[in-house]
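Observations on chain architecture
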Number of protein chains: 2
Amino acid sequence: MTPFSVDPTRFLRDLHTLRGFGKDGNGVRRRAFTDADMAARDWLAGQFADAGLTPCFDPVGNLFGLAPGRSLLIGSHSDTQPEGGWLDGALGVIAALEIARAHGEAGGNAISVVSFQDEEGRFGALTGSSVWAGKLSLAQADILRATDGTGFAEARECLAGRQGDFVDPARFNGFLEMHIEQGPALDASTDRIGVVTGIVGLRQVQIIVQGQQNHAGTTPMALRRDAFTAVTRIATRVEDRMANVVTPNSVWTVGHLRLEPNASSIVPGRATFTLQWRDADDDRLARMEQVIHDVIAQVQEETGCTIAVERLRQDLKPVPMDQTMQAALTRAAEAVAPDQWRSMPSGALHDASNVAALMPVGMLFVPSINGISHAFEEDTAEDDLVVGLQVLADAAAHLAPGR
Amino acid sequence: MTPFSVDPTRFLRDLHTLRGFGKDGNGVRRRAFTDADMAARDWLAGQFADAGLTPCFDPVGNLFGLAPGRSLLIGSHSDTQPEGGWLDGALGVIAALEIARAHGEAGGNAISVVSFQDEEGRFGALTGSSVWAGKLSLAQADILRATDGTGFAEARECLAGRQGDFVDPARFNGFLEMHIEQGPALDASTDRIGVVTGIVGLRQVQIIVQGQQNHAGTTPMALRRDAFTAVTRIATRVEDRMANVVTPNSVWTVGHLRLEPNASSIVPGRATFTLQWRDADDDRLARMEQVIHDVIAQVQEETGCTIAVERLRQDLKPVPMDQTMQAALTRAAEAVAPDQWRSMPSGALHDASNVAALMPVGMLFVPSINGISHAFEEDTAEDDLVVGLQVLADAAAHLAPGR
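Here, residues in each chain are numbered from 1, in the same order as that chain's written sequence. Chain A is the first chain written and ligand 1 is the first ligand written, with later ones labelled in order. Since the coordinates come from a predicted model, pLDDT governs what is reported: local features require at least 70, and pairs of side-chain atoms require 80 or more to be given and counted, while whole-chain, interface and lining totals use all residues. Values reported for side chains reflect all heavy atoms of the structure, with hydrogen atoms and water molecules removed beforehand.

With that settled, the discussion passes to the overall build of chain A. A helix here means a DSSP run of H or I that spans at least four residues, while a strand means a run of E at least two residues long, and both kinds are numbered starting from the N terminus. Within chain A, the regular secondary structure consists of 12 helices and 18 strands. Restricting the calculation to C-alpha atoms gives the radius of gyration, and the globule rule supplies 2.2 Å times the number of residues raised to the power 0.38. For 403 residues, the compact-globule formula gives about 22 Å, and the C-alpha radius of gyration of chain A, at 24 Å, lands near that figure. C-alpha extents for chain A along the principal axes are approximately 80 × 50 × 40 Å. Residues counted as buried form 59% of the 403 residues belonging to chain A. Once local pairs closer than 6 in sequence are excluded, the contacts in chain A between residues at least 24 apart make up 79%. The classification of residues rests on relative accessible area computed with a 1.4 Å probe and restricted to protein chains. Under 20% of the type maximum is buried, over 50% is exposed, and intermediate values are partly exposed. Whether two residues touch is decided by their heavy atoms; if any such pair falls within 4.5 Å, the residues are in contact.

Right, here's the structure in full:
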């Protein structure tokens, strides 16, 4: 493939131009299919055309900039949360634009660009890439409804006059996505690049502890069946026992808890809480689940409380990144930022999880300052944005067809 | 003092008659100053008169049946919770009536009876005995308001035509109260009598843990400041450390907890919870508090969370029962129910706590089946009610003046 070099100044200029659509202070409000989102996509479509790509909106609003013939697809999403950060998915879209453009200028033309629609879930979650990957039918998507009452079918009517057909995934030999980390790991380790090994899977249970509600003055400790005591034993013992099973990248969380009757002078009779765990390895997710069940059985025995475990949501399976894509990103990271990169799982979901059902996929992270995302304060050092661009460009040069 | 013997049949009959005022299924609805409560008090006043006592309503609705000259006061309260049990305070009032009556029949006349008003706190808490004991002024009581909007001043207008003055506490050489235990200790040990050593004191703090709210997928365990993890460490460590400080009668409770934002995919940023502890010994209450503060300091250090401790209510000091009264009750318990009684603190508040500010006080418990009270299911075996009456009568025979 023709060598080519990207232009960091042009890349940063375009990133700030995109920020202008829906700008609010340091952040951005650009929900899927709002005026700001569609204006941004129209501007992007123009940039794609200027770069020699054919702009194409598909029926769910995913915007492609297509290279002729077979190509490597790069991109992310340009919609945001209600109070979104300026980088998030926008970074990956503008980096893809710059790489495709630079490649074209150097005489190559085998890189296509995409901005998926509704990654941030105004209607569903990762809606645009879910439909493209066949995980959600168009009919299923059309009945989704935003919290403001707008239906997806109604929202996508604004595509009339812009709309093309779904793009054939067979055009692409793979997909690369650059994204901000949305977590504190790179910021804490001062690495500049994360090469993503996989997108973690997720399991979640709701645990209901039935004890005995009682007077907090007249019920001796030895005769209590205190639902909250059972909860604290489960939580602390899970923490202890997980050590034998997990890696530093495994996580588990008690995020939601309700006590009943929740009064300071009454021994809690009932507690309902969620326990969620995530890991990039499905076997490890299962071993973590076994720890949880073992601890619950033990605490039930000890406390005399009745403890029920229910699954309230579907498991999400881990999605490993393609080895060839990972190798190209790793090689590029070491070339551009020697000893300043690490391999890591992605704890958050991304469009790449869906696209992995269609083709080989690789992902790259740049640091999030203080780990903050989905907030106006979200930011990344400019140098790190440029390093990310260069690593992505280097990997793309090795992965694009026609090399 | 003249020996006398009580009549269990008459006692049980009167107890069931009183149950009829406000009866609902097995339980009773007899809130302070409602029609059912005042009808019950008028009936009691008639019974007092028939027993040779002078009925006297004081300005807050406490109903006395006064023996001439100096006497021992016995009683409890006849008002109930909105959904009250049939025994609760009623038991102590009817037992007192039977004892005073039997004493009069035997030619003695040194036992007075009382039913305090609003022990169950329709307006305040232990309102009638609080005013009598000088802990609450009549003016302070008059501005109390029930949840239905009724003011105490307005409610006590129904006393017009019944009302006498406050009774001079100097008439009495002491006060005895029999009550159901309202806890499971006697039921579990199969003892029939509890001789109360003191009414426990209570301290309570609200603990606010400020951690760092974060994404439950992208935030590695090592970089979290999880407010709920801090809570569970405080709770389990307090449980461990208390062992060195407490007796089997000491209790502590986390009854109320609020997590923020309380969502299953978000590491909790903030937790607010109450920790309440009770013991009959004020020094031990202070030592328990020290354990709590030590644990909090340690968990703050370990977790990096900021932990604030606030006192939201006034401490209640423990109220020890009078040694002479305890000795009389102990002797009587051993005589009537050898090896079937125990000494124990009262974990709940009673009118006796207030009366202890005026004169020597003793208390007696009978078992609550399954420890249930403040509910329609509240009950005590009939045999245990009679044993309680006999122990109380025996102690009264030794404590009443003129012996």
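The rest of the description comes next.
Looking now at the packing of helix H1 (residues 8-19) of chain B against helix H12 (residues 382-399) of chain B. Residue and element names in this part refer to chain B. Structural elements are reduced to axes, namely lines fitted to C-alpha atoms, with helices fitted over the stretch in contact, and the angle between N-to-C directions of any two is expressed from 0 to 180 degrees. It is the contact of H1 with H12, at a shortest axis distance of 11 Å, that shows an interaxial angle of 115°. Overall, the two elements H1 and H12 adopt an arrangement that is roughly perpendicular. Considering only the axes of H1 and H12, their crossing is right-handed. Between H1 and H12, the contacting residues are Pro 8, Phe 11, Leu 12 and Leu 15 on the first element and Glu 382, Leu 385, Val 386, Leu 389 and Gln 390 on the second. The residue classification treats Ala, Val, Leu, Ile, Met, Phe, Trp, Tyr, Cys and Pro as nonpolar and Asp, Glu, Lys and Arg as charged. All others, Gly included, are polar. Residues that form the contact of H1 with H12 fall into these classes: 7 nonpolar, 1 polar and 1 charged. By definition in this entry, angles of less than 35 degrees are roughly parallel, angles greater than 145 are roughly antiparallel, angles of 65 to 115 are roughly perpendicular, and the rest are oblique. With the far helix as reference, a near helix turned anticlockwise by less than a right angle produces a left-handed crossing, and one turned clockwise produces a right-handed crossing.

Here the focus is the side chain of Arg233(B). Residue position: Arg233(B) is located in helix H8 (residues 227-242). Whenever a nitrogen or oxygen atom comes within 3.5 Å of another N or O atom, the pair is scored as a polar contact, on the condition that within protein one atom can donate a hydrogen and the other can accept it, and that pairs from neighbouring residues in sequence are kept only if both atoms are in side chains. Only 2.8 Å separates the side chain of Arg233(B) from the side chain of Glu302(B), close enough to count as a polar contact. Filtering out sequence-adjacent residues up to four positions away, Arg233(B) remains in contact with Thr236(A), Glu239(A), Val299(B), Glu302(B) and Thr303(B).

So, on to H12(B). Take the residue count of a helix, subtract one, and multiply by 1.5 Å to get its expected span. Given a rise of 1.5 Å per residue, 18 residues ought to cover 26 Å, and the 26 Å separating the end C-alpha atoms of H12(B) matches this to within 8%. Within H12(B), 13 of the 18 residues are buried, which leaves it mostly tucked inside the rest of the structure.

Quick look at the pattern of salt bridges now. All names here are of chain A. When a carboxyl oxygen of Asp or Glu is within 4 Å of a side-chain nitrogen of Lys or Arg, the pair counts as a salt bridge. Inspection of the entire model under this criterion finds 53 salt bridges over all chains. A salt bridge links Asp 191 to Arg 342; the shortest N-O distance between them is 3.9 Å. Of this pair, Asp 191 sits in the loop between helix H7 (185-189) and strand S8 (193-199) while Arg 342 sits in strand S17 (residues 341-346), and the two are 151 residues apart along the sequence. Accessibility expressed as a relative area gives 12% for Asp 191, which makes it buried.

Turning next to the interface of chain A and chain B. Contact residues are listed per partner, giving 46 residues for chain A and 46 residues for chain B. For the pair chain A and chain B, the two sides together bury roughly 3700 Å², of which 58% comes from carbon and sulfur. Our count for the contact surface shared by chain A and chain B stands at 2 salt bridges. Applying the counting criterion to the chain A and chain B interface returns 16 residue pairs in polar contact (both at pLDDT 80 or more). Counting residues per element, the side of chain A that touches chain B draws most heavily on helix H8 (residues 227-242) of chain A, at 8 residues. A class-by-class count of the residues in the side of chain A that touches chain B yields 21 nonpolar, 20 polar and 5 charged. When two components associate, each loses some accessible surface as probed by a 1.4 Å sphere; the sum of these losses over both components is called the buried area.

Right, let's get into the pairing of S8(A). All names here are of chain A. Among the 7 residues that make up S8, 6 are buried, leaving the element largely enclosed by the rest of the structure. A strand pair is defined by DSSP finding two or more bridges across the two strands. Here S8 pairs with strand S18 (residues 361-366) via 2 bridges, running antiparallel. Across the sheet, residue Gly 194 finds its bridge partner in S18, namely Phe 365.

This next bit is on the relation of the copies chain A and chain B. What relates the two chain copies is a rotation about an axis together with a slide along it. Overlaid copies result from least-squares superposition on C-alpha atoms, with residues included only where pLDDT is at least 70 in both. Once chain A is rotated about the relating axis by 180° and shifted along it by 0.0 Å, it coincides with chain B to within an RMSD of 0.1 Å. On the angle and the small slide along the axis, the relation comes out as a two-fold axis. Taking C-alpha positions as the reference, the residue of chain A nearest the rotation axis is Thr232(A), at 2.5 Å. Of the interface residues in chain A, 100% have counterparts in chain B that sit at the interface too, so the contact is made through matching surfaces.

Residue and element names in this part refer to chain A. Note on terminology: pairs of cysteine sulfur atoms within 2.5 Å are recorded as disulfides. Going through the model one piece at a time under the given rule, you end up with 0 disulfides over all chains. Cysteine Cys 158 is unpaired, with the sulfur of Cys 56 as its nearest cysteine sulfur at 15 Å. Relative accessible area serves as the criterion here: at 27%, Cys 158 is assigned to the partly exposed category.

Another point: unusual backbone geometry. Residues and elements named next belong to chain A. Note the cis peptide between Glu 260 and Pro 261, where omega equals 0°. Considering the arrangement of structural elements, one finds Pro 261 in the loop between strand S12 (257-260) and strand S13 (266-267). Despite not being glycine, Asn 370 has its phi angle at roughly 60°, a positive value.

Per-residue confidence from the prediction method is given by pLDDT, with values spanning 0 to 100. Residue-level pLDDT values for chain A average 96, and 99% of them are 70 or greater. As scored by the predictor, the complex reaches a pTM of 0.89 and an ipTM of 0.88.

Turning our eyes to something else, we now look at the environment of Arg162(A). Residues and elements named next belong to chain A. Relative to the assigned elements, Arg 162 resides in the loop between helix H6 (152-155) and strand S7 (172-180). Classification of Arg 162 as partly exposed rests on a relative accessible area of 30%. Separated by 58 residues in sequence, Arg 162 and Gly 104 place their C-alpha atoms 24 Å apart. Those residues in contact with Arg 162 that lie beyond four places of it in its chain are Met 38, Asp 42 and Phe 57.

A few words now on helix H3 (residues 88-105) of chain B. Residues and elements named next belong to chain B. Taking 1.5 Å per residue, 18 residues should reach 26 Å; H3 reaches 27 Å between its end C-alpha atoms and fits that length. Where burial is concerned, most of H3 is hidden: 16 out of the 18 residues are buried. Just downstream of H3, Gly 107 is the residue with a positive phi angle, here 100°.

Turning our attention to the packing of helix H1 (residues 8-19) of chain A against helix H2 (residues 35-50) of chain A. Residue and element names in this part refer to chain A. In contact at an axis separation of 10 Å, H1 and H2 are set at 155° when each is read in the N-to-C sense. Here H1 is positioned roughly antiparallel relative to H2, judged by the angle of their axes. Side by side, H1 and H2 meet where Asp 14, Thr 17 and Leu 18 of the first sit next to Ala 40, Trp 43 and Gln 47 of the second. Here the residues of the contact of H1 with H2 are counted per class, giving 3 nonpolar, 2 polar and 1 charged.

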